[in-house]
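Here's the letter readout for the chains.
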Amino acid sequence: MALDLTEQAAGKWSLVWKQPVSNPTAAVIEPTLPANCRFSSGPTMRRANAAYLGNAELTCEGSLGGQVFALPQLPGQSDALLRVAPLDQPVQSLRLTAREPQATILAAPDRMQVLRSYFVIGAEHILMGWDHLLFVIALVLLVKRGWAVVGAATAFTVSHSITLAASVLGFAGLPQAPVEALIALSILFLAVELTQGYRETWTRRWPWLVAFAFGLLHGFGFAGALADIGLPEGEVPTALLAFNLGVEAGQIAVIAIVLLLRAAIIRLAPRAEAPALKFATYAIGIIASFWLIDRIVV
């Protein structure tokens, strides 16, 4: 969810927001204004494609510095980005979540605010986005060797960064429905490769190339998630860089955990490695198959 609070004249503010919705009966989220603000016009809501668009005019007494803006109805794992643009002052971006649905507007915004907010969003997206997470885990299990894992992970990062940037900047784009189905297919493909045991398949021989190819698809998936949150106007390069760095940090953490777990099993219970790998392979394959069928049918 993205919100834009812009001061049009002294004490006169415009509030616009976009709430992505997948369910036609989803409830409209209404913001709670700072204590020194009131609606002078609106709010008005309209449905456009898969989103609600809100618009309102506000009158605020004095500065918004130190005031609280809230979205108490944010559901589940939802994120929202509030962009505050006062007259003749730096723009600031504030992140709200279902856990912390309110944020304090700063009197003197820190220019690192956007970088911090979007870095956290990127890291959380890879750690909570199970499809991207399972792809990375399957890739590490398939490649195994240290430098080969680094090469494949780097190729995946480079490729999804390319399509993410191209999509966000408007140079390329794909509908989200087929992208999500193809992402599930990419995970299923790696699961099938894992069932080949230690046979030298084309994927094992050139893992970086496979990671690069599928990373292009995952980049479009990241772009869809970022579109739901929104990018702060005038700060797109900074936000995009921070999001990518956050994704990369989360990805490195996942790779490190998988490698450490595998090393611990080999050292402490070497006979358990093959059964554990087999269990993980079939679990990943079953989940990916379910996602693929679900995303094609729906």
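Within each chain, residue numbers correspond to sequence positions counted from 1 in written order. The predicted nature of this model means local features are confined to residues of pLDDT at least 70 and side-chain atom pairs, given and counted, to a pLDDT of 80 or more, with totals for whole chains, interfaces and linings taken over all residues. The side-chain values count all of the structure's non-hydrogen atoms but skip hydrogen atoms and water molecules.

The chain has the name HupE/UreJ family protein in an unreviewed UniProt entry, where Altererythrobacter lutimaris is given as its organism.

## Quick word on the domain arrangement of the chain
Test applied: Marked domain ranges trace back to an automatic or database domain assignment.
Taken domain by domain, the chain consists of domain 1 (2-105) and domain 2 (111-297). Of note, the centres of domain 1 and domain 2, computed from C-alpha atoms alone, are 32 Å apart.

## Re helix 4 (residues 176-194)
To be explicit about the condition: Only DSSP runs of H or I with at least four residues qualify as helices, and only runs of E with at least two residues qualify as strands; both kinds are numbered from the N terminus onward. Multiplying 1.5 Å by the helix residue count minus one yields the expected span of that helix. Only protein chains enter the accessibility calculation, which uses a 1.4 Å probe; a residue whose area is less than 20% of its type maximum is buried, one above 50% is exposed, and one in between is partly exposed.
Helix length check: helix 4, at 19 residues, gives a terminal C-alpha distance of 27 Å against a target of 27 Å (1.5 Å per residue), a fit within 8%. Within helix 4 the residues assigned to the buried category are V179, A181, I183, A184, S186, I187, L188, L190, A191, E193 and L194.

## With respect to the nonpolar core
To keep it simple, the criterion reads: In this description, a nonpolar core means a group of buried Ala, Val, Leu, Ile, Met, Phe, Trp, Tyr and Cys residues linked to one another through side-chain atoms lying within 4.5 Å. Contacts are residue-level and defined by heavy atoms, with any inter-residue pair within 4.5 Å sufficient.
Membership of the largest hydrophobic core comes to 38 residues, with the highest contact counts inside it found for F135, I137, L139, L141, I187, L190 and I284. Of all elements in the fold, only helix 2 (130-143), helix 3 (146-168), helix 4, helix 6 (207-229), helix 7 (236-268) and helix 8 (273-297) reach the threshold of two or more residues within this core. Of all the elements, helix 2 adds the most residues to this core, at 11 residues. Beyond its immediate sequence surroundings of up to four residues, L139 is in contact with A152, L190 and A211. By size, the runner-up hydrophobic cluster in this structure holds 23 residues, among which are W13, I29, L74 and A80.

## Section: the pairing of strand 4 (residues 51-60)
The following threshold applies: In this description, strands pair whenever DSSP reports at least two bridges between them.
Of all 10 residues making up strand 4, seven are buried, and the element is well covered by its neighbours. In this sheet, strand 4 lies alongside strand 3 (residues 37-48) in antiparallel orientation, the contact comprising nine bridges. If you follow C37 over to strand 4, its bridge partner there is C60. Two successive antiparallel strands, strand 3 and strand 4, enclose a turn made up of two residues, where N49 displays a positive phi of approximately 55°.

## Some words on the layout of surface pockets
Stated formally: The method works on a 1 Å grid over the protein atoms by themselves. A cavity is a set of points holding a 1.4 Å probe that cannot get out, a pocket is an open set with protein on both sides within 12 Å along at least five of seven lines, and residues with an atom within 4 Å of a point line them. Grid points are joined across faces, edges and corners, and a volume is the space filled by probe spheres set on the points. For this classification, Asp, Glu, Lys and Arg are treated as charged, while Ala, Val, Leu, Ile, Met, Phe, Trp, Tyr, Cys and Pro are nonpolar and the rest, including Gly, are polar.
As a volume, the second largest pocket reaches approximately 320 Å³. If you list the elements that add at least two residues to the lining of the second largest pocket, you get helix 2, helix 7 and helix 8. If you tally residues by element for the lining of the second largest pocket, the top one is helix 8, at eight residues. Residues belonging to the lining of the second largest pocket are distributed by class as follows: 13 nonpolar, no polar and two charged.

## Examining a nonpolar patch on the surface
Selection criterion: Patches in this entry comprise residues that are over 30% relatively accessible and not in a salt bridge; like charges within 9 Å are linked, as are nonpolar side chains (Val, Leu, Ile, Met, Phe, Trp, Tyr) within 5 Å. All accessible areas in this document rest on Shrake-Rupley with a 1.4 Å probe, and a residue is counted as covered only by the protein chains that are shown. Any Lys or Arg side-chain nitrogen located within 4 Å of an Asp or Glu carboxyl oxygen qualifies as a salt bridge.
Together, F119, V120, L241 and L245 give the surface a local cluster of nonpolar side chains, amounting to about 320 Å² of exposed area. When residues of the nonpolar patch are traced back to their parent elements, those giving at least two are helix 1 (113-128) and helix 7. Take L245: its relative accessible area is 42%, and that puts it in the partly exposed class.

## Things to note about the packing of helix 2 against helix 3
Condition: Orientation is described by axes fitted as lines to C-alpha atoms, over the contacting stretch for helices, and by angles from 0 to 180 degrees between their N-to-C directions. Throughout, the term roughly parallel applies to angles under 35 degrees, roughly antiparallel to angles over 145, roughly perpendicular to angles from 65 to 115, and oblique to all others. A clockwise turn of the near helix away from the far one marks a right-handed crossing, whereas an anticlockwise turn of less than a right angle marks a left-handed crossing.
Between helix 2 and helix 3, whose axes approach to 9 Å, the crossing angle comes to 150°. Considering their axes alone, helix 2 and helix 3 lie roughly antiparallel with respect to each other. The two elements helix 2 and helix 3 cross, and the hand of that crossing is right-handed. On helix 3, the residues touching F135, V136, L139, V140 and V143 of helix 2 are A148, V149, A152 and F156. Counted by class, the contact of helix 2 with helix 3 contains nine nonpolar, no polar and no charged residues.

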